[in-house]
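Each chain, written out:
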Amino acid sequence: MLKKTSPLAVTIGVAAAAGLLLTGPAAHADTEVDEPSSFTSAFTVMATPDNVVNSDGEAAPGEEGASGTFTFRINSDEEIICYDIRLEGVSGDYESPARTATHIHQADAGQSGPPRIAFPNPEPVGDGPRTSSGCMQGPFTTGIENDGVDTGDGFSLAEIEANPAGFSADSHTVDFVAGVVRGQLTEIPVGGVDTGAGGTAATSSSTGIVAGAAVGGLALAAAAGLVVWRRRTATS
């Protein structure tokens, strides 16, 4: 749950969100849905504090020692994005003028840009890892408006597929409003990814978990900077 922000915090947060204005709460159009039967693309993000920039595109490092791994699977035909997010070494409450503090921004590396999708914040807030997973279907909203229009309005997941390097993923906290960690999207094969160590990571048909084919399994995949995704079940 997001911490209630003061007017000053909102002002700072808006600057971190590429100078866009929060003019009022937007309707929550995003719909939580079951995982689709297929995907048109998949992406991973290795988010680190050194990649964070402020609204002017200037370096604004996040929390030292923190890291984030994001996996996104997209069905652009149905406008569904499934997400698995894990933050480690992150302290403090979330804070953002958007309706959540965890986003995909349309922004090149080293540049600021507007949030296009707002994801549920990884939990629990505390000293341990924070995780969040699920699937959402557009139309998407962020709660931040530019000239009276929500920055998610009209956004299509096909835009990510057309230029993944032009999008970043991040999360924001009260002490690092510009971003606690950030990284650019990198496309990976939908059915598996090369671990770079003599093996591949493939999706299990029974569990939907990415498993390393070479010695080391999941640890090998993690060492290669890859993300384990969990298939969303009916009870999740």
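The notes below deal with the structure included here. Not measured: the values here are computed from a predicted model.

## A look at the sheet that holds strand β6 (residues 115-119)
Right, on to step 1. Ordered in space as β6-β5-β10-β11, the 4 strands form an open sheet in which the pairing is antiparallel. Bordering the open sheet on either side are β6 and β11 (176-184), each of which pairs with just one other strand. For this sheet, the mean angle separating the axes of adjacent strands, direction not counted, is 30°.
Right, on to step 2. Two strands pair when backbone bridges link them, and strand β10 (residues 167-173) and β11 are joined in this way by 5 bridges, in the antiparallel orientation. The partner of Ala 169 across the bridge, within β11, is Gly 183.

## Quick word on the packing of aromatic side chains
In this description, a pair of aromatic rings is defined by centroid distance and the angle of the planes.
Right, on to step 1. Going through the model one piece at a time under the given rule, you end up with 4 aromatic pairs.
Right, on to step 2. Among the aromatic residues, those joined into a ring-pair cluster are Phe 70, Phe 72, Tyr 83 and Phe 119.
Right, on to step 3. A cation over an aromatic ring shows up here: Arg 130 above the ring of Tyr 94, its NZ or CZ 5.1 Å from the ring centre.

## Here we look at the sheet that holds strand β4 (residues 80-88)
Right, on to step 1. Spatial strand order, β1-β7-β4-β3-β2-β12: 6 strands in an open sheet with antiparallel pairing. With partners counted over all chains shown, the strands left at the sheet margins are β1 (31-32) and β12 (186-188), one partner each.
Right, on to step 2. Examined bridge by bridge, β4 and strand β7 (residues 130-137) share 8 bridges and lie antiparallel to one another. Opposite Ile 81, over in β7, you have Met 136 as the bridge partner.

## Focus: the nonpolar core
Right, on to step 1. Counting residues in each nonpolar core, the largest one holds 27 residues, and the members touching the most others are Phe 72, Ile 81, Ile 117, Phe 119 and Ile 160.
Right, on to step 2. Among the secondary structure elements, those contributing two or more residues to this core are β2 (41-47), β3 (67-75), β4, β6, β10 and β11.
Right, on to step 3. It is β4 that contributes the most residues to this core, 4 residues altogether.
Right, on to step 4. The contact partners of Phe 119, leaving out residues within four places of it in the chain, are Phe 72, Ile 81, Tyr 83, Ile 85, Thr 100, Thr 102, His 103, Ile 104 and Met 136.
Right, on to step 5. Core analysis: the next-biggest nonpolar cluster, separate from the first, contains 5 residues, Val 33, Ile 80, Cys 82 and Cys 135 among them.

## Things to note about the pairing of β7
Right, on to step 1. With 2 bridges connecting them, β1 and β7 associate as antiparallel partners. By the bridge assignment, Glu 32 is partnered in β7 with Met 136.

## Observations regarding unusual backbone geometry
Right, on to step 1. Following Glu 123, the chain continues into Pro 124 via a peptide bond in cis, with omega recorded as 0°.
Right, on to step 2. Residue placement: Pro 124 occurs in the loop between β6 and β7.
Right, on to step 3. For the bond from Gly 138 to Pro 139, the omega torsion is 15°, close enough to zero to count as cis.
Right, on to step 4. Along the chain, Pro 139 falls in the loop between β7 and β8 (145-146).
Right, on to step 5. Backbone geometry places Glu 79, a non-glycine residue, at a positive phi of 55°.
Right, on to step 6. For Glu 79, the location among the structural elements is in the loop between β3 and β4.
Right, on to step 7. Phi at Asp 147 is positive, roughly 55°, even though this residue is not glycine.
Right, on to step 8. Within the secondary structure, Asp 147 is located in the loop between β8 and β9 (149-150).

## A closer look at the side chain of Asn 75
Right, on to step 1. Tracing the backbone through its elements, the reader meets Asn 75 in strand β3.
Right, on to step 2. A distance of 3.0 Å separates a polar atom in the side chain of Asn 75 from the backbone nitrogen of Asp 77.
Right, on to step 3. Within the local environment of Asn 75, its side chain forms a polar contact with the backbone nitrogen of Glu 78, the two atoms lying 3.0 Å apart.
Right, on to step 4. In contact with Asn 75, other than residues within four places in its own chain, are Pro 36, Ser 38, Phe 39, Thr 40, Ile 80 and Leu 157.

## A look at the pairing of β3
Right, on to step 1. Most of β3 sits inside the fold, with 8 of its 9 residues counted as buried.
Right, on to step 2. Where β2 and β3 come together, 7 bridges link them in antiparallel fashion. By the bridge assignment, Val 45 is partnered in β3 with Phe 70.
Right, on to step 3. Both β3 and β4 contribute to a ladder of 9 bridges, which runs antiparallel. Considered in β4, the bridge of Gly 68 is made with Leu 87.
Right, on to step 4. Following β3, the chain reverses through 4 residues before pairing antiparallel with β4; Glu 79 in that reversal takes a positive phi of roughly 55°.

Cut-offs applied
Residues numbered from 1 in each chain as written. Predicted model: local features only at pLDDT ≥ 70, side-chain atom pairs only at ≥ 80, totals over all residues. Heavy atoms only, no water. Pairing = 2+ DSSP bridges. Helix = DSSP H or I, 4+ residues; strand = E, 2+ residues; numbered from the N terminus. Axes fitted to C-alpha atoms, helices over the stretch in contact; angles between N-to-C directions. Phe/Tyr/Trp six-rings, centres within 6.5 Å; stacked < 30°, edge-to-face > 60°. Lys NZ or Arg CZ within 6 Å of the ring centre and 35° of its normal. Core = buried A, V, L, I, M, F, W, Y, C linked by side-chain atoms within 4.5 Å. Buried < 20%, exposed > 50% of the residue type's maximum accessible area, 1.4 Å probe, protein only. Contact = heavy atoms within 4.5 Å. Polar contact = N/O pair within 3.5 Å; in protein donor to acceptor, adjacent residues only side chain to side chain.

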